[in-house]
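# Architecture and fold: a report
This is what each chain is made of:
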Amino acid sequence: MEEEKNKIADKSKEDVKEKNETVKSDNSKKVETKKKSKKGLIIAISIIVILVLIGASIGGYFLYKKIQLEKPLDVAWGQTYYTYLKSIVEDESKKESYGFNNSTNTKIEFGDIEIEEEPVMVISYEKDDEDYSNIYYIKDDGTVHEIMYDFPTDVEMLYSIKEKEYNWYVVSKEKNEAEYIPIQNEVIKSEGKEVDEDTLSNEYTIKDDDKTVVETVDGEELSIDKFDETFIKPDIEDTSIDFDFNLIEEKLKEAIENLVNEYKNKDQIITDEVKEAVTEKETEIINKQEEMEKAKDELEKKKAEEEAKRKAEEEAKKGFKVGSHRLKYGTYKSDVYIMDSSMYGTITLNQDGTFHIKANCEGDYPYKTMDCDGTYKATRAIDSYEYYDAIEFTTEEGDTFHFEVNSDNEFSDQWHGYSYQG
C-alpha cells in the first residue's frame, strides 16, 4: 500500500515537472515570436527609410539638373548662342529650313573679328558631298543674325602677306577659282547699310592655275602660285567641336558651355611658335619673289640689248642719217684720182660714230696727207649765206672739215666728192 502511494506521488511530480517544462517552452516561444516581430518591424522601417532617402536623392538629383539647365552660362555671349542653338535643336522645321536636317560632320567654333566685341559663331557641315559654313553674330539688340550660303563655302584663318594681318576668311570655290572674303566684310555688308569701301578689308579672287612665271636668261622657268604670293595658312590649333543637332538639352548645354569656356581669340591661337613659322614662310616667299624679279630684270635687260642691237643693225642697214639722206656705213672713195692719179682719198664711216681717213687731198692747198681717226656728226653748214645738210669730221688732232650731203651714199665739196664703195 505504502509502495503504491509512493508511485502515485512520483507520477504527480513528473506531471508537474512536465507541465512546468511545457509552460516554459510556451513562454520561450512567445518571447522568441516577440523578438522576431520586433526585428521585422525594424527591417521594414529601415527599408522604408532607405526608399525615402533614395527617392529624395533621385528627386534632388533631377531638381539639381533642372536648376543647372535653367542656370545661364557664365559668359553672356555664350548664353545667347546657346539659346539660339537650343531653339534650332527643339524645332524640326528650323533644322530643315537651315539645312541641318540631313547634314553630317557638323562642327561649331568661335572666332573674333575686329568690328565685333563678341566672337562670331561658325557652323560647318557636309551635305550632298559638299562643305558648307554659315556665319552667326550677335547684333546690338542681342539677337543672333545669320549669314547663310546656298553654295559650298569654308572658313579659314589666313595670314595676308599684303596687309601683314591674320583674318578669318569665307572661302567659296566655283569651277576653277576661289574667292576669299574676310568675315568682317560679310558682317558689314549684311547690315544693309551703305558701305564705305575704306572700311572693308581686301578681298581676293584666285584661279586654281593662277601663278607668276618668269624666264631666266638661261631659258629656265621660275614660278610661284598666286595663293602663295597672297596668303600663308598658319598651322593653328583646331578649336572647333563636333556637334549634333539631335542632342538632348543637357548634352547641348554641356557642349556649348565647354566650347565657350575653352574659347581662344586670335592673340591666343596665334602663338609665338605660329608667328615664327609664318615669318619663316614669308621670308621664303619674299626671297623667291626677289629671285624672280632679278631674273625678270636680267631677261628684260637682255631683251633690251638684243632689241637695241637689232635696231642698230636695222639702222646700220639704213645708214647714217644726214638731213633727208642716208650714208651707208663703210668706205667712201674720193673722185680726185680721176683728175690726178697721184691723189687719193678714202674715208671709212663706222657705226659707232668714228671714222678713219687716209688721203692726200684734204686741207689747204697744196693738199696735205692725212691718215688718222676721228669722229663725225650730222650738221648744218653755211656757204654763201645759205645753210645746207652736211657731215662734219673732227680728227683726233682737232682738225675739222665737212662735206655737203645732197644725195644718198655721197658727200662732196666744191672741189671733189666721195661715193660709197662698200
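What counts, and where the lines are drawn
- Here the residue index of a chain counts from 1 through its sequence in written order.
- Note on the predicted model: pLDDT of at least 70 is required for a residue's local features to be given, and 80 or more for side-chain atom pairs to be given and counted; whole-chain, interface and lining totals, by contrast, use all residues.
- Side-chain numbers come from the whole structure's heavy atoms, not from hydrogens or water.
- Strand pairing is assigned whenever DSSP detects at least two bridges linking the two strands.
- By the criteria applied, helices consist of DSSP H or I runs no shorter than four residues and strands consist of E runs no shorter than two, each listed in order from the N terminus.
- Only heavy atoms matter for contacts: two residues are in contact if any of them lie within 4.5 Å across the pair.
- Convention adopted: a line fitted to C-alpha atoms gives each axis, helices being fitted over their contacting stretch, and angles between N-to-C directions are expressed from 0 to 180 degrees.
- Pairing of aromatic rings covers Phe, Tyr and the six-membered ring of Trp, with a centre-to-centre limit of 6.5 Å; geometry is then stacked below 30 degrees between planes, edge-to-face above 60, and tilted otherwise.
- When a residue's accessible area, from a 1.4 Å probe over protein chains only, is under 20% of the maximum for its type it is buried; when over 50% it is exposed; and in between it is partly exposed.

## Digging into the sheet that holds strand 1 (residues 104-111)
What the five strands build is an open sheet, ordered 4-3-2-1-12; its pairing is antiparallel. Taken across any chain shown, the strands that pair with only one partner, and hence form the sheet edges, are strand 4 (144-147) and strand 12 (241-242). Pairing between strand 1 and strand 2 (residues 120-127): six bridges, direction antiparallel. Following the sheet pairing, Phe-110 is matched in strand 2 by Met-121. Along the sheet face, helix 2 (residues 76-89) touches strand 1, strand 2, strand 3 (130-138) and strand 4 and points at about 130 degrees away from the line of strand 3. Against the sheet, helix 6 (residues 249-261) engages strand 1 and strand 12, with an angle of about 40 degrees to strand 1.

## A short note on the packing of aromatic side chains
Counted according to the given criterion, the structure contains 30 aromatic pairs. Taking the centre distance of 5.1 Å and the plane angle of 45 degrees together, the rings of Tyr-180 and Phe-231 count as tilted. Here Tyr-180 is found in strand 7 (residues 177-182), whereas its partner Phe-231 is found in strand 11 (residues 231-232), with 51 residues between them in sequence. Note on Tyr-180: relative accessible area 7%, which makes it buried. By relative accessible area, which is 1% here, Phe-231 ends up buried. On the numbers, 5.4 Å between centres and 25 degrees between planes, the contact of Phe-411 with Tyr-418 is stacked. Judged by relative accessible area, Phe-411 falls into the buried class, the value being 1%. Overall, the relative accessible area of 2% leaves Tyr-418 in the buried class. Three or more aromatic residues joined by ring pairs form one cluster here, namely Phe-320, Tyr-332, Phe-355, Tyr-376, Phe-393, Phe-401, Phe-403, Phe-411, Tyr-418 and Tyr-420.

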